[in-house]
Amino acid sequence: MITPGTAARHLEPWRRELAAAVTDPAELLELLGLDPGLLPGARAATAHFGLKVPRSFITRMRPGDPHDPLLRQVLPLGAETLETPGYGADPVGDLAALRAPGVLAKYRGRALLMTTGGCAVNCRYCFRREFPYDSGALTPTRLSAAVAELAALPGLDEVILSGGDPLALPTARLARITAALAGLPGLRRLRLHTRTPVVLPARVDELLLGWLRGLPWPVAMVVHVNHPRELSPELRAALAALAGTGARLLNQAVLLRGVNDDAEVLAELSAALFDAGVLPYYLHLLDRARGTAHFEVPAAEAVALHGELAARLPGYLVPRLVQEVEGAPAKLPVTGLG
């Protein structure tokens, strides 16, 4: 008889590690020697949006420091339960852009395929924390319908695998998705948006690398690193392996209060990314999802920080400061007060 424990032992190492992720705020506080007084607020926050953080990512955090920039991205706080005007369930208009279950089309020539609602980590600033994933899970039948919808979009030449996080899926599932996409005659590029390798470098295994090498399109992989301390030796090795498949590696970060709202930190991040073979691409203003107001950096301050960054670095290391606005034809550059 195959027991749950037996099944887990037959999973790939990254899947075993993900299955063992910390989901109890009390355990997270205990592992890092943090004040138990944080627990009531953490419990209240996780009642709305659960905790999930791989243990290997926790090892990069400073024990005893509740302000550690890596911890701050994943630690549930009572502040998440506060109602703040201007913050809501669908901050960038995703629901209005849904063309079919799993297909989100906002911008000309490209569309997003929501491969899964799952992630390897629950970032507390997530802008899709209230997205109704269950109503659009990408079953085989829905995948066929999604591909048909993509085929009907005029001028489509790029599909973006997103979610959730596509690399939270087993590679076999990814292969079935891309096999279905191969029937799109106008498809010229595939893009993946992922944070999984950042928090779980073991995800970059030979199965994943082989799948990437075998894809019939050029691949752009947009990773999500917010702080230079996230670039562990294991992540650097994983990024080198991904680049070795021919994928172009880009980074998009979110400007977060208490995490990276400092010109020196942002400059160090850009330099470290470039050293790891990743080009800084976007620096996003916070999307105003309910429960995330404590992360916001006002636009005026963001512009000033971006100006300091441009004064310190060559242009190719300066990410574009952008904001997503519902109904806009593209990500909008942030160049003044907002």
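Definitions and limits used
- Residues numbered from 1 in each chain as written.
- Predicted model: local features only at pLDDT ≥ 70, side-chain atom pairs only at ≥ 80, totals over all residues.
- Heavy atoms only, no water.
- Axes fitted to C-alpha atoms, helices over the stretch in contact; angles between N-to-C directions.
- Helix = DSSP H or I, 4+ residues; strand = E, 2+ residues; numbered from the N terminus.
- Parallel < 35°, antiparallel > 145°, perpendicular 65-115°, else oblique.
- Left-handed = near helix turned anticlockwise from the far one by under 90°.
- Contact = heavy atoms within 4.5 Å.
- Nonpolar A, V, L, I, M, F, W, Y, C, P; charged D, E, K, R; others polar.
- Salt bridge = Lys/Arg side-chain N within 4 Å of Asp/Glu carboxyl O.
- Buried < 20%, exposed > 50% of the residue type's maximum accessible area, 1.4 Å probe, protein only.
- Disulfide = S-S within 2.5 Å.
- Arc of directions from axis to C-beta.
- Patch = residues over 30% accessible without salt bridge, like charges linked within 9 Å, V, L, I, M, F, W, Y side chains within 5 Å.
- Areas by Shrake-Rupley, 256 points an atom, 1.4 Å probe, with all protein chains shown as cover.
- Lys, Arg positive; Asp, Glu negative; His and termini not counted.
- Charge placed at Lys NZ, Arg CZ, Asp CG, Glu CD.

**Student:** Is there a simple way to think about the packing of helix α9 (residues 171-181) against helix α11 (residues 206-213) in this case?
**Tutor:** The relative placement of two packed helices comes down to the angle between their axes together with the axis-to-axis distance. The contact between α9 and α11 brings their axes to 10 Å, and the two run at 15°. Compared by their axis directions, α9 and α11 come out roughly parallel. Here the hand of the crossing between α9 and α11 comes out right-handed. On α11, the residues that touch T171, L174, A175 and T178 of α9 are L207, L208 and W211. Residue composition of the contact of α9 with α11, by class: five nonpolar, two polar and no charged.

**Student:** Honestly, the pattern of salt bridges in this entry has me stumped. Any pointers?
**Tutor:** Side chains that differ in sign of charge can pair as their charged atoms come close. Applying the stated criterion to the full structure yields 21 salt bridges. Put simply, D68 and R62 hold a salt bridge, and the shortest N to O gap is 3.7 Å. By relative accessible area, R62 is classed as partly exposed at 39%. A salt bridge links E130 to R290; the shortest N-O distance between them is 2.8 Å. Taken together, the positions of E130 in the loop between β3 (110-116) and α8 (140-152) and R290 in the loop between β8 (279-284) and α14 (299-312) put the pair 160 residues apart, joining distant regions of the chain.

**Student:** How should the state of the cysteines be read in this particular structure?
**Tutor:** Disulfide: a covalent bond formed between the sulfur atoms of two cysteine residues. In this structure the tally under the stated criterion is zero disulfides. Sulfur of C119: no disulfide; nearest cysteine sulfur belongs to C126 and is 6.2 Å away. The cysteine C123 is free of any disulfide, with C126 supplying the nearest cysteine sulfur at 7.0 Å.

**Student:** Just checking my understanding: could you explain helix α12 (residues 233-243) for this structure?
**Tutor:** Residues lying three or four places apart along an α-helix face the same way, a consequence of the helix completing one turn every 3.6 residues. What α12 keeps buried is the set L235, A238, L239 and L242. For α12, the angular spread of buried residues about the axis comes to 100°, placing them on one side.

**Student:** Where do I start with a negative patch on the surface in this structure?
**Tutor:** A surface patch of negative charge is lined by D262, E264, E268 and E308. Tracing the sequence through the fold places E264 in helix α13 (residues 263-275). Overall, E264 belongs to the exposed group, its relative accessible area being 52%.

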